Amino acid sequence: MELPRLETLWQKYRDQGVAVVAVEAVRDHERAVKFIEEKKLSFHLLENDEANNVVRDTYGVRSFPTSFMIDRDGKIIYCHVGFEPGDEAKLEKEILELKGK
Amino acid sequence: MFKRLLVVLAAGAVVLTAPAHAQTGKPAQQKDSKMEKAEEAYQAMAEKRRATESTAEKLALTKRFLDEYPETDRTASALGAAFYYQGEDIGDMPGAVAYAESVRGKIGDPEIAKAVDKEMLYVYGASRMFPKMTEVAERLAAEGSLDFSDHSTIIEAATNAGEWKIALEYCGKAEPLATEESYRKQYPDKQFKEGEIEKAAKYRAGMLLVMGGWARANLGEVDRALADFARADKLVNRSYFDTGDFNLNLYWGEALLMKGDHRAAAEKLAADALVMRDEKAIAGLKKAYAATHDGEAGFDAYAAELHRSIAKSVGDFELSDYSGKRHRLSDLRKEVTLLAFWFPT
């Protein structure tokens with residue numbers, strides 16, 4: 001799973017104007033809480049709301065994980081589907097490019 | 001690019017709206033003690049297999065299991081693994097094929113034989129062994145067991161390998177299975193949700209038009225491909241960035257390039273190239289730009305401007321964290337925000 005690797009990214013850039021927000025696609029509260037504690041995740045973790053399904057209805061995300069990179073104006077600049085070893089480097093490159101703008 | 005689709009739609013990752021495919025495994029209550037013993041032996045073998053780095057050792061362990069337990073619920077997956085070790089990893093494709101055929105030849109149980117054929121359909125396709133793959137497909141079709149997901153397996157493998165005639169042929173063969181009636185017949189005991197059958201049939205028909213259209217474009221039937229894509233446009237799911245399932249926009253853009261309609265091609269390719277950062281789409285967009293601007297000079301500025309114009313706003317939402325506290329995305333956002341959607345695994 002990519003979340004522990006997002007934690008590494010977040011620790012590196014948290015003081016440089018970077019936010020990391022993860023939304024759990026399908027609500028499985030206990031499993032998620034256990035996972036978050038085990039992996040010591042400290043960025044923002046939110047639970048999707050089945051009644052008001054942001055993930056599915058607003059963003060049409062149907063495969064997981066999917067990540068959006070959002071700029072200061074709230075525009076989604078980059079969408080990354082899946083997460084393979086080495087993908088955190090791609091996300092870091094996007095962060096650096098957006099920070100420079 | 002297609003590899004990504006495979007990853008997302010077929011292997012591992014979770015797809016919430018794809019129609020459920022038929023399960024080939026037997027119900028648990030049918031398992032007798034012999035099957036339970038075989039399952040234990042399989043688990044023990046898999047454990048040893050994970051513990052070793054040696055492919056030759058992994059292969060030997062798998063073959064030993066298949067020798068001892070030649071007909072179980074695990075035959076198909078064990079044989080598929082043996083084929084990969086011997087054919088792909090060790091590089092002995094003829095040996096892998098001969099072994100797969102000898103194991104398959106000894107199977108008497110029709111259900112297990114069917115499961116093995118379905119597995120081999122996939123592994124032959126992934127290894128680009130198309131004559132073997134179509135041989136197995138024809139055997140399954142003759143029994144009436146070649147279902148829609150088997151057709152997609154063939155179409156995906158053929159598309160990955162650029163075997164356009166095979167891809168187009170199986171798009172045609174799958175067409176009768178892309179109707180509401182056929183979907184209902186595939187799951188006779190299922191209680192369908194409102195609109196489910198209609199959605200599934202649309203999904204199937206859309207996929208066949210996209211994949212068949214792309215095969216046609218590569219076979220030189222560009223006009224027909226463009227007509228298929230326009231029909232598929234009304235059927236396939238759209239992402240938030242409007243890119244379309246099964247790479248619709250990417251293929252559509254490529255077909256428009258073949259047609260020489262560079263402006264329309266750039267429009268279709270923009271989101272895949274700039275938001276999804278797909279390399280083929282970027283190359284296509286560059287080609288479209290070069291054809292309309294006397295070469296590639298100035299492409300980066302053009303791409304940046306186009307990117308700004310198509311980038312969608314994230315909007316706002318309010319959700320709870322794990323302690324129940326509510327947060328608005330707009331309050332959490334900073335100069336740069338990484339918003340990840342994940343699934344507990």
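Residues numbered from 1 in each chain as written. Chains lettered and ligands numbered in written order. Predicted model: local features only at pLDDT ≥ 70, side-chain atom pairs only at ≥ 80, totals over all residues. Heavy atoms only, no water.

**Q** Got a minute to help me understand the overall build of chain B in this structure?
**A** Broken down by element type, chain B carries 17 helices and four strands. Once the C-alpha set of chain B is aligned to its principal axes, its extents read approximately 65 × 60 × 45 Å. Looking at chain B as a whole, 48% of its 345 residues qualify as buried. In chain B, the share of contacts with a sequence separation of at least 24, taken over all contacts with a separation of at least 6, comes to 56%. Summing over all exposed atoms, chain B offers an accessible surface of approximately 17000 Å²; the carbon and sulfur share of this is 49%. (Helix = DSSP H or I, 4+ residues; strand = E, 2+ residues; numbered from the N terminus. Buried < 20%, exposed > 50% of the residue type's maximum accessible area, 1.4 Å probe, protein only. Contact = heavy atoms within 4.5 Å. Areas by Shrake-Rupley, 256 points an atom, 1.4 Å probe, with all protein chains shown as cover.)

**Q** Would you take a moment to explain helix α15 (residues 279-292) of chain B for this structure?
**A** The α-helix winds at 3.6 residues per turn, so residues separated by three or four positions along the chain end up facing the same way. All names here are of chain B. Given a rise of 1.5 Å per residue, 14 residues ought to cover 20 Å, and the 20 Å separating the end C-alpha atoms of α15 matches this to within 8%. Of the positions making up α15, those classed as buried are Ala-281, Gly-284, Leu-285, Ala-288 and Tyr-289. Seen from one end, α15 has its buried residues packed into an arc of 135 degrees, which puts them on one side. Exposed residues lying more than 90 degrees from the buried face of α15 are Glu-279, Lys-280 and Lys-287. Contact partners of the buried residues in α15: α13 (248-259), α14 (262-274) and α16 (299-310). N-capping of α15 is provided by Asp-278, with a side-chain oxygen placed 3.1 Å from the backbone N of Lys-280. Positive phi shows up at Asp-294, right after α15, with a value of about 55 degrees. (Expected span 1.5 Å × (residues − 1). Arc of directions from axis to C-beta. Polar contact = N/O pair within 3.5 Å; in protein donor to acceptor, adjacent residues only side chain to side chain.)

**Q** What is the right way to read the confidence of the model for chain B from this model?
**A** Parts of the model with low pLDDT should not have their predicted coordinates read in detail. Of all residues in chain B, 91% have pLDDT values of 70 or greater, and the mean over the chain is 90. For the stretch residues 1-26 of chain B, pLDDT sits under 50, and the model shows 55 contacts to residues farther than four places along the chain or on other chains. (pLDDT = per-residue confidence, 0-100.)

**Q** Can you help me understand the pattern of salt bridges in this one?
**A** With the rule as written, the count across this model stands at 31 salt bridges over all chains. Measuring nitrogen to oxygen at the nearest pair gives 3.7 Å for the salt bridge that ties Lys90(A) to Asp87(A). Of the two residues, Lys90(A) and Asp87(A) are both situated in helix α4 (residues 87-99); the distance of three residues between them amounts to about one turn of the helix. Judged by its relative accessible area of 8%, Asp87(A) falls in the buried class. A salt bridge links Lys132(B) to Glu135(B), with the shortest nitrogen-to-oxygen separation between them at 3.3 Å. (Salt bridge = Lys/Arg side-chain N within 4 Å of Asp/Glu carboxyl O.)

**Q** For this particular structure, what's the right way to read the sheet that holds strand β1 (residues 18-24) of chain A?
**A** Hydrogen bonds along the backbone pair up the strands of a sheet, which may run parallel or antiparallel. A sheet is described by the order of its strands in space; here eight strands give the open sequence β1(B)-β4(A)-β3(A)-β4(B)-β1(A)-β2(A)-β2(B)-β3(B), paired in mixed fashion. Strands at the two margins of the open sheet, each flanked by one partner only, are β1 (312-313) and β3 (326-328) of chain B. Here β1(A) pairs with strand β4 (residues 336-342) of chain B via seven bridges, running parallel. Paired with Val20(A) across the strands is Leu338(B), a residue of β4(B). Here helix α1 (residues 3-13) of chain A sits on the sheet in contact with β1 and β2 (44-47) of chain A together with β4 of chain B, set at roughly 160 degrees to β1(A). (Pairing = 2+ DSSP bridges. Axes fitted to C-alpha atoms, helices over the stretch in contact; angles between N-to-C directions.)

**Q** Just to check I follow, could you spell out the packing of α14(B) against α15(B) for this structure?
**A** Helix-helix packing: each pair is described by the crossing angle between the helix axes and the interaxial distance. Residue and element names in this part refer to chain B. Where α14 contacts α15, the two axes come as close as 8 Å, and the packing angle between them is 150 degrees. Of the two possible hands of crossing, α14 and α15 adopt the one that is left-handed. Only Ala-281, Ile-282, Gly-284, Leu-285, Lys-287, Ala-288, Ala-291 and Thr-292 of α15 make contact with α14, whose side of the interface consists of His-262, Arg-263, Ala-266, Leu-269, Asp-272, Ala-273 and Leu-274. Within the contact of α14 with α15, the residues separate by chemical class into nine nonpolar, three polar and three charged. (Left-handed = near helix turned anticlockwise from the far one by under 90°. Nonpolar A, V, L, I, M, F, W, Y, C, P; charged D, E, K, R; others polar.)

**Q** Please explain unusual backbone geometry as it appears in this structure.
**A** All names here are of chain A. Put simply, Phe-64 and Pro-65 share a cis peptide bond, and its omega is -5 degrees. Inspection of the secondary structure assignment puts Pro-65 in the loop between α3 (54-58) and β3 (66-70). Residues other than glycine seldom take positive phi values, yet Lys-40 does so here, at roughly 50 degrees.

**Q** I'm lost on the nonpolar core in this one. Help?
**A** General note: in soluble globular proteins, nonpolar side chains tend to be found buried as a group. Ranked by size, the top nonpolar core spans 86 residues in total, and within it Phe83(B), Val210(B) and Phe229(B) carry the most contacts. When residues in this core are grouped by element, the largest group, nine residues, is from helix α11 (residues 196-218) of chain B. Counting residues in each nonpolar core, the second largest holds 27 residues, with Ala22(A), Tyr78(A), Ile95(A) and Leu98(A) among its members. (Core = buried A, V, L, I, M, F, W, Y, C linked by side-chain atoms within 4.5 Å.)

**Q** Before we go on, may I ask you to explain the interface of chain B and chain A in this structure?
**A** How big an interface is tends to be expressed through the accessible area that disappears when the partners come together. If you look at the interface, chain B gives 41 residues, while chain A gives 60 residues. Approximately 5200 Å² of surface area, both sides summed, lies buried where chain B meets chain A, with 64% of it carried by carbon and sulfur atoms. On the surface where chain B and chain A come into contact, there are three salt bridges. The shortest N-O distance in the salt bridge between Arg277(B) and Glu94(A) comes to 2.4 Å. Where chain B meets chain A, there are 23 residue pairs in polar contact (both at pLDDT 80 or more). For the side of chain B that touches chain A, the elements supplying multiple residues, two or more each, are β1, β2 (318-321), α17 (329-332) and β4 of chain B. For the side of chain B that touches chain A, the element with the most residues is β4(B), which contributes seven residues. Among the residues making up the side of chain B that touches chain A, the classes are represented as 25 nonpolar, eight polar and eight charged. (Buried area = accessible area lost by both parts, 1.4 Å probe.)

**Q** Where do I start with the packing of aromatic side chains in this structure?
**A** What describes a pair of aromatic rings is the distance from one ring centre to the other and the angle between the planes of the rings. Counting across every chain of the model gives 22 aromatic pairs over all chains. Seen from their ring centres, Phe64(A) and Phe343(B) are 5.9 Å apart, and the 25 degrees between their planes marks the pair as stacked. Taken together, the residues span two chains, with Phe64(A) in the loop between α3 and β3 and Phe343(B) in the segment after β4. On the basis of an interplanar angle of 80 degrees and a centroid distance of 6.1 Å, the ring pair of Trp164(B) and Trp214(B) is categorised as edge-to-face. Residue Trp164(B) is located in helix α9 (residues 164-174), and its partner Trp214(B) is located in helix α11; the two are separated by 50 residues in the primary sequence. Residue Trp164(B) is classed as buried on the basis of its relative accessible area of 18%. Three or more aromatic residues link up through ring pairs in this structure, and these residues are Tyr59(A), Phe68(A), Tyr240(B), Phe241(B), Phe317(B) and Phe341(B). If you follow Lys190(B) out to its NZ or CZ, it ends over the ring of Tyr187(B), 5.7 Å from the centre. For Lys312(B), the ring lying beneath its charged end belongs to Tyr240(B), and the centroid distance is 5.3 Å. (Phe/Tyr/Trp six-rings, centres within 6.5 Å; stacked < 30°, edge-to-face > 60°. Lys NZ or Arg CZ within 6 Å of the ring centre and 35° of its normal.)

**Q** Just to check I follow, could you spell out the side chain of Ser127(B) for this structure?
**A** Residues and elements named next belong to chain B. Residue position: Ser-127 is located in the loop between α6 (110-126) and α7 (130-142). Overall, Ser-127 belongs to the buried group, its relative accessible area being 10%. Sequence-distant contacts of Ser-127, that is, excluding residues within four places in its chain, are made with Phe-83, Tyr-84, Glu-88 and Met-93.

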